[in-house]
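Summary of structural features
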Amino acid sequence: MRRRRSLPWIYRWSRPIIGAIAIAGAILTAYLTITKLTGGGPACSADAAAGCGGVLDSAYATVFGLPLSLFGCMAYISMAVFALVPLAIGADGKKDLKKQLENLTWWLLLAGSIAMTVFSGYLMYVLATELKAVCPYCIGSALFSLSLLVLTITGRDWEDLGQILFTGVIVALLTIVVTLGIYSNVNSSIAQANGSQEEVVDADGLIAIPEPVGDPKPPIGWEINTTSEEAEIALAKHLTATGAKKYGAFWCPHCYEQKQLFGKDAFSEINYIECDNQGKNPQRDVCMAAGIQSFPTWEIDGQFYPGTKTLAELAELSKYQGDKNFKYKL
């Protein structure tokens, strides 16, 4: 009797491994999506905090008004489905269906992993040349994408290598065109923001604070470009006199919004605690001792209030009774 040739281990285990990596990638990007939507900051080491926050809050991290990580999560879930669904079909009486499904999903895995790897490669280029930061989450996702591609190519006995190459070139070119198209809009938005920013006044006479332009650079981040009037300065002095503290990080856009609400002169009166080691006068140990989980966080009368607060809210929380004719709104 002829001995049946045994399959290489990579052929037997490639789909479960691909599925496991895709699920890990889905969990990672789901965490980043939830963090982004809830206004929190990702958990990072002290050395990588600036990179994590600055990159994930940059213009490149939002596509069509939604977090980029949301689209990444959907891509990883799709890859997990492509890899694992054929394994759930029994062999009894379904050999033809199973074989057809396996063949189809291998090509979907190939196309998906090529697209994800090319897109991740572009983001790594942006990370190195535009943002000039280190983001462990971004690098981890890029490694996941590359691993999926390697396992897809090596995890099956592909009969037509020429077709693989042809598919790879077509998918890669299409991905590059779509990616450049998406981020051309982002770059246009940044260019327009770098132009003139007109003040928008609502019916109550409040002015909408300007959006941050570009990416935050240590140690200051974005410069405060709003002006303070008597009400803002009086509230700031009251907060400091009553022991209020504001915890934040130079790269945090919500912290910048809070600064803009006060204006440059008023915010200089605030007892501000910088929680990132790359920021100006950092006090990370103080932030850790206070148990700060997100930025900004206010400490008023011993109570902690996370998130950007309007000046009217801060006046109420601190029992401020002075001039409340504040100038700016969110």
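Residues numbered from 1 in each chain as written. Predicted model: local features only at pLDDT ≥ 70, side-chain atom pairs only at ≥ 80, totals over all residues. Heavy atoms only, no water.

Focus on the side chain of Lys 259
Summarising the element assignment, Lys 259 is placed in helix H8 (residues 253-262). Despite its burial, Lys 259 pairs with no opposite charge; the closest candidate is Glu 274, at 5.6 Å N-O. With sequence-adjacent residues up to four places away left out, Lys 259 is seen in contact with Ile 220, Ile 224, Thr 226, Phe 267 and Tyr 272. (Helix = DSSP H or I, 4+ residues; strand = E, 2+ residues; numbered from the N terminus. Buried < 20%, exposed > 50% of the residue type's maximum accessible area, 1.4 Å probe, protein only. Lys, Arg positive; Asp, Glu negative; His and termini not counted. Salt bridge = Lys/Arg side-chain N within 4 Å of Asp/Glu carboxyl O. Contact = heavy atoms within 4.5 Å.)

With respect to the state of the cysteines
Under the counting rule described, the total for this entry stands at 1 disulfide. There is a disulfide in this structure between Cys 275 and Cys 287, and the S-S distance comes to 1.9 Å. Because the sign of the S-S torsion sets the handedness, a value of about -85° for the bond joining Cys 275 and Cys 287 places this disulfide among the left-handed ones. Of this pair, Cys 275 sits in the loop between strand S5 (272-274) and helix H10 (284-290) while Cys 287 sits in helix H10, placing them 12 residues apart in sequence. Classification of Cys 275 as buried rests on a relative accessible area of 3%. (Disulfide = S-S within 2.5 Å.)

As for the packing of aromatic side chains
Per the counting criterion, the structure on display carries 14 aromatic pairs. Summarising the aromatic geometry, the rings of Phe 119 and Tyr 183 are spaced 6.4 Å apart at their centres and angled 20° between planes, so their arrangement reads as stacked. Of this pair, Phe 119 sits in helix H4 (residues 95-131) while Tyr 183 sits in helix H6 (residues 161-193), and the two are 64 residues apart along the sequence. Consider the rings of Trp 222 and Tyr 256, whose centres lie 5.3 Å apart with planes at 50°: the pair is tilted. Of the two residues, Trp 222 sits in the loop between strand S3 (207-208) and helix H7 (230-241) while Tyr 256 sits in helix H8, which places them 34 residues apart along the sequence. The pair formed by Trp 222 and Tyr 256 is uniform in burial state, with each residue classed as buried. By the ring-pair criterion, three or more aromatic residues cluster together here, those being Tyr 60, Phe 119, Tyr 122, Tyr 125 and Tyr 183. It is Arg 15 that lies over the ring of Trp 106; its NZ or CZ is 4.6 Å from the centre. Here the basic side chain of Arg 156 rests over the ring of Trp 158, its NZ or CZ set 4.7 Å away from the ring centre. (Phe/Tyr/Trp six-rings, centres within 6.5 Å; stacked < 30°, edge-to-face > 60°. Lys NZ or Arg CZ within 6 Å of the ring centre and 35° of its normal.)

As for the pattern of salt bridges
This structure, assessed with the given rule, holds 2 salt bridges. The salt bridge involving Lys 327 is made with Glu 229; its shortest N-O contact spans 3.8 Å. Taken together, the residues Lys 327 in the loop between helix H11 (311-317) and strand S8 (328-329) and Glu 229 in the loop between S3 and H7 connect sequence positions 98 residues apart. Given the relative accessible area of 39%, Glu 229 is considered partly exposed.

As for the environment of Leu 151
Topologically, Leu 151 is positioned in helix H5 (residues 136-154). Each C-alpha atom of the pair Leu 151 and Ile 18 lies 6.8 Å from the other, and the pair is 133 residues apart in sequence. In this view, Leu 151 contacts Ile 10, Ser 14, Ile 17, Ile 18 and Ile 21; residues no more than four positions away in its chain are not counted.

Let's talk about the sheet that holds strand S6 (residues 297-300)
Spatially, S5-S4-S6-S7 is the arrangement adopted by the 4 strands of the open sheet, whose pairing is mixed. Strand pairing shows two members of the sheet lacking a second neighbour, S5 and strand S7 (303-306), which therefore form its edges. Taken over all neighbouring pairs, the strand axes of this sheet differ in orientation by 25° on average, direction set aside. Pairing of strand S4 (residues 245-248) with S6 involves 3 bridges; the strand directions are antiparallel. By the bridge assignment for S6, Tyr 247 is matched with Thr 297. Lying over the sheet, H8 contacts S4, S5 and S6, oriented at roughly 140° with respect to S4. (Pairing = 2+ DSSP bridges. Axes fitted to C-alpha atoms, helices over the stretch in contact; angles between N-to-C directions.)

Points about the side chain of Lys 98
By secondary structure assignment, the location of Lys 98 is in helix H4. A polar side-chain atom of Lys 98 sits 2.7 Å from the main-chain carbonyl oxygen of Pro 86. Contact partners of Lys 98, with chain neighbours within four places excluded, come to Pro 86, Leu 87 and Ile 89. (Polar contact = N/O pair within 3.5 Å; in protein donor to acceptor, adjacent residues only side chain to side chain.)

Some thoughts on the environment of Cys 275
In sequence terms Cys 275 and Met 288 are 13 residues apart; their C-alpha atoms lie 8.3 Å from each other. Contacts of Cys 275, omitting those with residues within four sequence positions, involve Tyr 247, Gly 248, Arg 284, Cys 287 and Phe 295.

Quick look at unusual backbone geometry
Residue Pro 219 follows Pro 218 across a cis peptide bond; omega there is 5°. Relative to the assigned elements, Pro 219 resides in the loop between S3 and H7. Even without glycine at this site, Phe 64 takes up a positive phi of about 55°. Note on placement: Phe 64 falls in the loop between strand S1 (62-63) and strand S2 (66-67).

Some details on H7
Spanning 12 residues, H7 covers 16 Å between terminal C-alpha atoms, matching the ideal 16 Å at 1.5 Å per step. Check the buried side of H7 and you find it contacts H8, helix H9 (264-267), S6, H11 and S8. Where H7 ends, the next residue or the one after it, Gly 243, has phi of about 90°, a positive value. (Expected span 1.5 Å × (residues − 1).)

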